[in-house]
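Reading the structure
This is what each chain is made of:
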Amino acid sequence: MPKIETQTPTDKDKLDLLVEFGWRVSHETNLDALLELTAKQITHILGVKRCFIFIKDENAGELWSKTASGKGLKYTEIHLPLLGPSIIARVCKDGHTINLPDAYADERFSKDIDLVTGFKTNSLLAVPLKNKENITIGVLQVSNKTDATPFSKKDEGLLKLMANLAAGKIEIAKLYDEVKLSNLETIYRLAVTAEYRDQEDTRRHIENIGQVSYLIAKGLKLEEARAETIRHASTLHDIGKIAIPDSILLKPGKLTAEEFDVMKKHTVYGGKILEDAKSSLLKLAYRTSLFHHEKFDGTGYPQGLKGEEIPLEARIVAIADVFDALCMKRCYKEPWNIQKACQFIISQSGLAFDPRVVQAFKKNFQKIKALYETDAKK
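Residues numbered from 1 in each chain as written. Predicted model: local features only at pLDDT ≥ 70, side-chain atom pairs only at ≥ 80, totals over all residues. Heavy atoms only, no water.

**Some remarks on the confidence of the model for the protein chain**
Caution applies to low-pLDDT regions: their predicted coordinates should not be interpreted in detail. Of all residues in the protein chain, 89% attain a pLDDT of 70 or more, and the chain-wide mean is 86. Looking over the protein chain, one finds the lowest element-wise mean pLDDT in strand 3 (residues 68-69), namely 66, and the highest in helix 14 (residues 355-363), namely 97. Counting interchain partners and residues more than four positions distant, the pLDDT-below-50 stretch residues 1-6 has 13 contacts. (pLDDT = per-residue confidence, 0-100. Helix = DSSP H or I, 4+ residues; strand = E, 2+ residues; numbered from the N terminus. Contact = heavy atoms within 4.5 Å.)

Quick look at the structure:
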C-alpha cells in the first residue's frame with residue numbers, strides 16, 4: 001500500500017489514497033483508533049484544516065465527537081443535542097449533505113463549536129454516515145480547505161465515498177466496544193462478588209489492583225494491549241475466595257495453621273473456576289488467580305513454583321496485591337504508610353518477588369503513590 005504523505009495530494013494521488021483508506025479502515029476494530037484513523041486520513045485526502053466525526057447516541061439523545069483532526073486543535077470532545085438546531089443535527093436527521101461556502105453568512109450555522117475549539121470556520125461540508133440499511137449513524141464534518149477555496153461537488157463526492165467506506169466499520173467497531181464493555185462489566189461484578197466480604201472498600205481495592213498491575217506492566221515496557229489485559233484480568237485474582245468460609249475469611253486475628261491451609265486453597269478454587277477459559281483475558285485471569293501467591297524463591301503456594309516458572313502476569317499481580325493489602329485497612333489490620341509498604345516490596349526482591357518486576361514497580365512508584373494519595377483525599 002502507498003504511504004500517505006503529509007502534503008496535500010494531487011487528484012492523481014487520491015485514487016490510490018482512497019484504496020489505502022478503504023484497506024486501513026477494514027482492518028481496524030477498535031472504535032477510538034478507527035475514528036482517529038478516519039479523521040486523519042480525511043483531513044489529508046481532502047486537504048482540510050479540520051475534520052470532526054460525530055456518532056449518534058439515541059439513548060443519550062446526542063451526537064458526540066471525541067475524535068477530530070487538525071493542527072492546533074484545543075478540544076476534541078463535543079456533545080450536541082440530537083434534536084438540536086446545529087448543522088450536525090440537521091444532517092443526521094435529514095440524511096442530506098450540507099455545504100456552506102461561507103459559514104458565518106449562513107443562518108443555519110452556529111458559532112458554538114468554534115467558541116469551544118478556538119477555531120474559525122470559513123467553509124464547511126457535512127455528510128451523513130449511513131450503514132448498509134441506509135440508516136444514519138453519525139456525521140462527518142470538514143472545515144476550511146487548505147487552499148482557502150469553497151468545497152466543490154468533487155469534494156462532496158469524495159467525502160461521501162469515504163463516509164460509505166467508514167460507516168460500516170464504525171458500526172461494527174461500536175458493536176465490538178459494546179461487547180467488550182459488557183464482558184468487562186461482567187468480570188468486574190464477578191470480582192466484586194468474590195471480594196466484597198473481606199474488603200471495606202471493594203471497588204477501590206479492585207481498581208487499585210488493576211491500576212497498579214497496569215503501571216507495573218508499563219514499567220516492564222509491555223505492549224499497551226497486554227498491559228490493559230493484565231489490568232482487567234487482575235481484578236479476578238481472588239475469585240477463589242468465594243469458596244472460603246466467613247469464619248476464616250473474616251477472622252480478625254491470626255489464622256491457625258489449619259485455617260491458613262484452608263485460606264491458601266482460594267488460589268486452587270480460583271484456578272478451577274477459570275480453567276478451560278476460551279478468551280485471552282480469562283486465560284490470563286486463570287494464571288493470575290492460580291499463581292499470584294507463588295514466590296520467586298519457590299516458597300509460595302499452591303505449587304511452589306520458582307523464578308520464571310511463575311507466569312509473568314502472576315508475578316506482576318503478586319506485587320500489586322501485596323502492596324494494596326498493606327496500604328488498605330482490613331478487618332485484621334490497619335493500613336500501612338505508603339512509603340513503608342514500598343520499602344517492604346523492595347525488601348522482598350529476589351525472595352517473594354521477581355527483581356525485574358520490583359524494578360518496574362519502583363520505576364512507576366510516583367504514579368502509584370499518586371494513585372493512593374488521590375484515593376485518600378476522597
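Next, the rest of the story.
**Looking at the layout of surface pockets**
Vacant regions in the atomic arrangement are exposed by a probe of water-molecule size rolled over the atoms. Here the second largest pocket defines a volume of roughly 710 Å³. Forming the boundary of the second largest pocket are 21 residues, of which L31, W64, K174, D177 and E178 lie nearest the centre. At the level of secondary structure, the elements contributing two or more residues to the lining of the second largest pocket comprise helix 2 (31-46), strand 1 (48-57), strand 7 (136-145) and helix 5 (153-195). Of all the elements, helix 5 adds the most residues to the lining of the second largest pocket, at 8 residues. Taken together, the residues of the lining of the second largest pocket break down into 8 nonpolar, 3 polar and 10 charged. (1 Å grid on protein atoms, 1.4 Å probe; cavity = no way out; pocket = protein on both sides within 12 Å on 5 of 7 lines; lining within 4 Å. Points joined across faces, edges and corners; volume = space filled by probe spheres on them. Nonpolar A, V, L, I, M, F, W, Y, C, P; charged D, E, K, R; others polar.)

**Regarding the nonpolar core**
In this structure, I216, L220, I316, I319, F323, F361 and Y372 are the most contacted members of the largest nonpolar core, which totals 42 residues. Secondary structure elements with two or more residues in this core: helix 5, helix 6 (202-219), helix 7 (224-233), helix 11 (280-291), helix 12 (312-327), helix 13 (338-347), helix 14 and helix 15 (365-377). Sorting elements by how many residues they give to this core places helix 12 first, with 8 residues. In this structure, F323 is in contact with I338, A341, C342, I345, F361, F365, I368 and Y372, ignoring residues within four places of it in sequence. One finds A39, I45, L158 and I170 within the second-largest nonpolar core, a separate group that totals 32 residues. (Core = buried A, V, L, I, M, F, W, Y, C linked by side-chain atoms within 4.5 Å. Buried < 20%, exposed > 50% of the residue type's maximum accessible area, 1.4 Å probe, protein only.)

**Some details on the environment of A167**
Relative to the assigned elements, A167 resides in helix 5. On the basis of relative accessible area, A167 is assigned to the buried category, the value being 0%. Sequence separation of A167 and G138 is 29 residues, and the distance between their C-alpha atoms is 8.2 Å. If we skip the residues at most four places from it in the chain, A167 touches L129, K130, N131 and I137.

**Some details on the pairing of strand 2 (residues 62-65)**
Covered by surrounding structure in strand 2 are E62 and W64 together with L63 and S65, the residues of both alternating faces. Alignment of strand 1 against strand 2, held across 3 bridges, turns out to be antiparallel. Looking at the pairing, I55 lines up with W64 of strand 2. In this antiparallel pair of consecutive strands, strand 1 and strand 2, the connection spans 4 residues, and G61 shows a positive phi of 65 degrees. (Pairing = 2+ DSSP bridges.)

**Points about the pattern of salt bridges**
Between side chains of opposite charge, pairing is possible as soon as their charged atoms come close. Across all of its chains, the model carries 14 salt bridges by this definition. Across the pair E156 and K153 runs a salt bridge, and its minimum N-O distance is 3.9 Å. With E156 and K153 both in helix 5, this residue pair falls 3 residues apart, about one helical turn. Residue classification places K153 among the exposed positions, given a relative accessible area of 67%. (Salt bridge = Lys/Arg side-chain N within 4 Å of Asp/Glu carboxyl O.)

**As for the packing of helix 10 (residues 266-274) against helix 11**
Their axes nearest at 7 Å, the elements helix 10 and helix 11 cross at an angle of 165 degrees. By the criterion of interaxial angle, the relationship of helix 10 to helix 11 is roughly antiparallel. Helix 10 and helix 11 meet at a crossing whose hand is left-handed. Residues T267, V268, G270, G271 and L274 of helix 10 form the contact with helix 11, whose own contacting residues are L282, A285, Y286, S289 and L290. When the residues that make up the contact of helix 10 with helix 11 are grouped by side-chain class, the tally is 6 nonpolar, 4 polar and no charged. (Axes fitted to C-alpha atoms, helices over the stretch in contact; angles between N-to-C directions. Parallel < 35°, antiparallel > 145°, perpendicular 65-115°, else oblique. Left-handed = near helix turned anticlockwise from the far one by under 90°.)

**Considering the packing of aromatic side chains**
Enumeration over the complete set of coordinates arrives at 8 aromatic pairs. Judged by centre distance (5.3 Å) and plane angle (65 degrees), the rings of F323 and F361 are edge-to-face. Residue F323 is located in helix 12, and its partner F361 is located in helix 14; the two are separated by 38 residues in the primary sequence. Using a relative accessible area of 0% as the deciding quantity, one classes F361 as buried. (Phe/Tyr/Trp six-rings, centres within 6.5 Å; stacked < 30°, edge-to-face > 60°.)

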